[in-house]
Amino acid sequence: MTARILVVDDVHANIKLMEARLMAEYFQVLTANTGRDALEICENGQCDIVLLDVMMPEMDGFEVCRRLKANPKTAHIPVVMVTALDHPEDRVKGLEAGAEDFLTKPVNDLALITRVKSLVRLKLLTDELRLRATTGRDLGVEEMLDPKVIGTQREKARVLVVDDRPSSYERIVKFLAVEHSVAVIPDPHEALFRAADEDFDAAVISLSLSDFDSLRLCSQLRSLERTRMLPILIVSESDQDAGVLRALELGVNDYIRRPIDRKELLARMRTQIKRKRYNEMLRDSVQATIEMAVTDSLTGLHNRRYLDGHLAGLFDKALGREKPLSLIICDLDRFKSINDEYGHDVGDEVIREFAVRVRKNVRNLDLACRFGGEEFVVVMPDTDIALARIVAERIRLEIATHPFIVKDGAAQLPVTVSLGVSTLESANDTPEKMMKRADVALYNAKRAGRNQVMTEAA
Ligand SMILES: [Mg+2]
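Residues numbered from 1 in each chain as written. Predicted model: local features only at pLDDT ≥ 70, side-chain atom pairs only at ≥ 80, totals over all residues.

*Asks:* Run through the overall build of the protein, naming residues and quoting values.
*Replies:* Check the secondary structure of the protein and you find 17 helices and 17 strands. Its C-alpha radius of gyration of 31 Å places the protein more than 25% over the 23 Å reference for a compact globule of 458 residues. Counting every position in the protein, which comprises 458 residues, the buried fraction comes to 38%. Counting only contacts in the protein whose residues sit at least 6 apart along the sequence, the fraction spanning at least 24 positions is 64%. (Helix = DSSP H or I, 4+ residues; strand = E, 2+ residues; numbered from the N terminus. Rg over C-alpha atoms; globule rule 2.2 N^0.38 Å. Buried ≥ 20, exposed ≤ 12 C-beta atoms within 10 Å, placed from the backbone. Contact = placed C-beta atoms within 7 Å.)

*Asks:* Explain the domain arrangement of the protein to me, and be specific about the residues and the numbers.
*Replies:* Examined at the domain level, the protein breaks down into domain 1 (1-134), domain 2 (150-286) and domain 3 (304-455). On the side of domain 2, 14 residues touch domain 1, which itself brings 15 residues to the contact. Elements with a contribution of two residues or more to the side of domain 1 that touches domain 2: helix H4 (89-96) and helix H5 (109-134). If you tally residues by element for the side of domain 1 that touches domain 2, the top one is H5, at ten residues. Taken together, the residues of the side of domain 1 that touches domain 2 sort by class into seven nonpolar, three polar and five charged. (Domains from an automatic or database assignment. Nonpolar A, V, L, I, M, F, W, Y, C, P; charged D, E, K, R; others polar.)

*Asks:* Any chance you could break down the environment of Arg 36 for me, citing the residues and the numbers?
*Replies:* Among the secondary structure elements, Arg 36 is positioned in helix H2 (residues 35-43). Each C-alpha atom, one on Arg 36 and one on Glu 58, is 9.1 Å from the other, the two residues being 22 residues apart in sequence.

*Asks:* Describe the sheet that holds strand E4 (residues 79-84), with residues and values.
*Replies:* Spatially, five strands are ordered E2-E1-E3-E4-E5 in an open sheet, and the strand pairing comes out parallel. Edge positions in the open sheet fall to strand E2 (28-32) and strand E5 (101-105), since each of these has one partner strand only. Ignoring which end each strand starts from, the neighbouring axes of this sheet average 20 degrees apart. In terms of strand pairing, E4 meets E5 through five bridges, oriented parallel. Residue pairing for E5: Val 82 is matched across the bridge by Leu 103. Taken strand by strand, H4 contacts E4 and E5, and its axis lies near 160 degrees from that of E4. (Pairing = 2+ DSSP bridges. Axes fitted to C-alpha atoms, helices over the stretch in contact; angles between N-to-C directions.)

*Asks:* Residue-level account of the packing of H4 against helix H12 (residues 262-293), with values.
*Replies:* For the pair H4 and H12, interaxial distance at closest approach is 9 Å and the crossing angle is 25 degrees. In terms of orientation, H4 and H12 fall into the roughly parallel class. Along this stretch, H4 crosses H12, giving a crossing that reads as left-handed. Listed contacts from H12 to Arg 91, Val 92, Leu 95 and Glu 96 of H4 are Lys 263, Glu 264, Ala 267, Arg 268 and Thr 271. Taken together, the residues of the contact of H4 with H12 break down into three nonpolar, one polar and five charged. (Parallel < 35°, antiparallel > 145°, perpendicular 65-115°, else oblique. Left-handed = near helix turned anticlockwise from the far one by under 90°.)

*Asks:* Just give me the short version of the nonpolar core, but keep the residues and values in it.
*Replies:* Counting residues in hydrophobic clusters, the biggest one holds 43 residues, and the most contacted among them are Ile 328, Val 377, Val 378 and Leu 419. Among the elements that make up this core, the one with the highest residue count is strand E11 (residues 325-332) (six residues). Sequence-distant contacts of Val 377, that is, excluding residues within four places in its chain, are made with Leu 307, Leu 327, Ile 329, Cys 369 and Phe 371. Formed by 34 residues, the second largest nonpolar core is a distinct cluster that contains Cys 47, Val 50, Val 80 and Phe 102. (Core = buried A, V, L, I, M, F, W, Y, C linked by C-beta atoms within 7 Å.)

*Asks:* Go over the pairing of strand E9 (residues 232-236), please, and point to the residues and values.
*Replies:* Most of E9 is tucked away, with four of its five residues classed as buried. The sheet contact formed by strand E8 (residues 202-206) and E9 spans four bridges and is parallel. Residue pairing for E9: Ala 203 is matched across the bridge by Ile 232. Sheet analysis places E9 next to strand E10 (residues 254-257), joined by four bridges and oriented parallel. If you follow Ser 236 over to E10, its bridge partner there is Arg 257. Taking the sense of rotation as the criterion, the β-α-β connection linking E9, helix H11 (residues 241-249) and E10 turns out right-handed. (Right-handed = clockwise from strand over helix to strand, strands pointing away.)

*Asks:* How would you sum up the sheet that holds E10? Please name residues and give values.
*Replies:* Here we have five strands laid out as an open sheet, ordered E7-E6-E8-E9-E10, and parallel in their pairing. Two strands in the sheet have a free side with no partner beyond their single neighbour: strand E7 (181-184) and E10. On average, each strand axis in the sheet is tilted by 20 degrees relative to the strand beside it, whichever way the strands run. In this sheet, E7 lies alongside strand E6 (residues 158-162) in parallel orientation, the contact comprising four bridges. Paired with Val 161 across the two strands is Val 184, which belongs to E7.

Encoded structure:
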């Protein structure tokens, strides 16, 4: 796991020290000694994580962090604030400025590396999703990526607290309930079950359950599909460093030490929930992008790309199960003259209406696609040539018999369609050959005077 870490500090010796430790773990290190330089490097997309000193002249770390988080181009880059031990209030200030994490100077080696690694993991995931979502830019994905938008999506988060000491969980619940809806489940077995079954936004798990290994619970949550992405924050005692490191290695997202500081807990929870929602949003937009990519925007039917991807599958399935498979290619007659005479808007209306009528005349399991322009393809599983001909004829009649109403009812257009039908013939057949035969049949229908159905020559 390699990543580019930007170390920002106004003291050269601090930069050198941090650089050496990170390079020993094979991270690439970039450095900046002012906030302005740091902002520029981030804006240019050169780094994956920022380690940010708080005390700097001109622009301090809080300001740098706020600016990074306010800029949609840099808001997704995780920021770790490096604070001084004698200013504990800086940790909360940093988290409130939007930082994902903080480290306290002098920086503990293991904490540094483990936390950087855990943020790199998250960053890689987010990058991957952003990359895929960017192809859907037309959908407004860029705005959806803006964390400010995401923060306003849903108000109360559902937090699962796993702790079996009432004195401890009562305190945690009191703190969290200000912003979230909290469920305490002292029994870890039940907690795992409920986490998989319900829609929690985060889990807070005590590292000191009385007769159960909390790390086992964390590892189980990480391995279940339903809870793999659930943010987990563990609560540790000050002498449980080994357990904390082990937990982070297992993929736990963050930890907090007792005695719990209310502001720190809320800030850490906010960060985790923000990130979870950010990733969910990205996943949804990726899903939408994928659907867009295989859908014809004018008609809502599948497009040619989808057909190309699925025809072979339907073909193999039919062959394997020894079932018939047929397809129809439909092409609107003299469509160019409709466009020329009435304009493209009317042409689009005709295409849309044609799609509606085709869909009405085929079954749900049939695959209807707009192949391009005024050409459509219907693939029909479990359908032999005789039945396919009947369906084609039904479509032809449906089009020819009822004129198309266009321009909000102001005009009626007679429209006709020519159709070519083919069917899977033998084990030597291929989807390409089937398409080709339907295309030849369509050509014959056009040549014979249009508004008719032709079947492939046997
Ligand atoms: Mg400094």
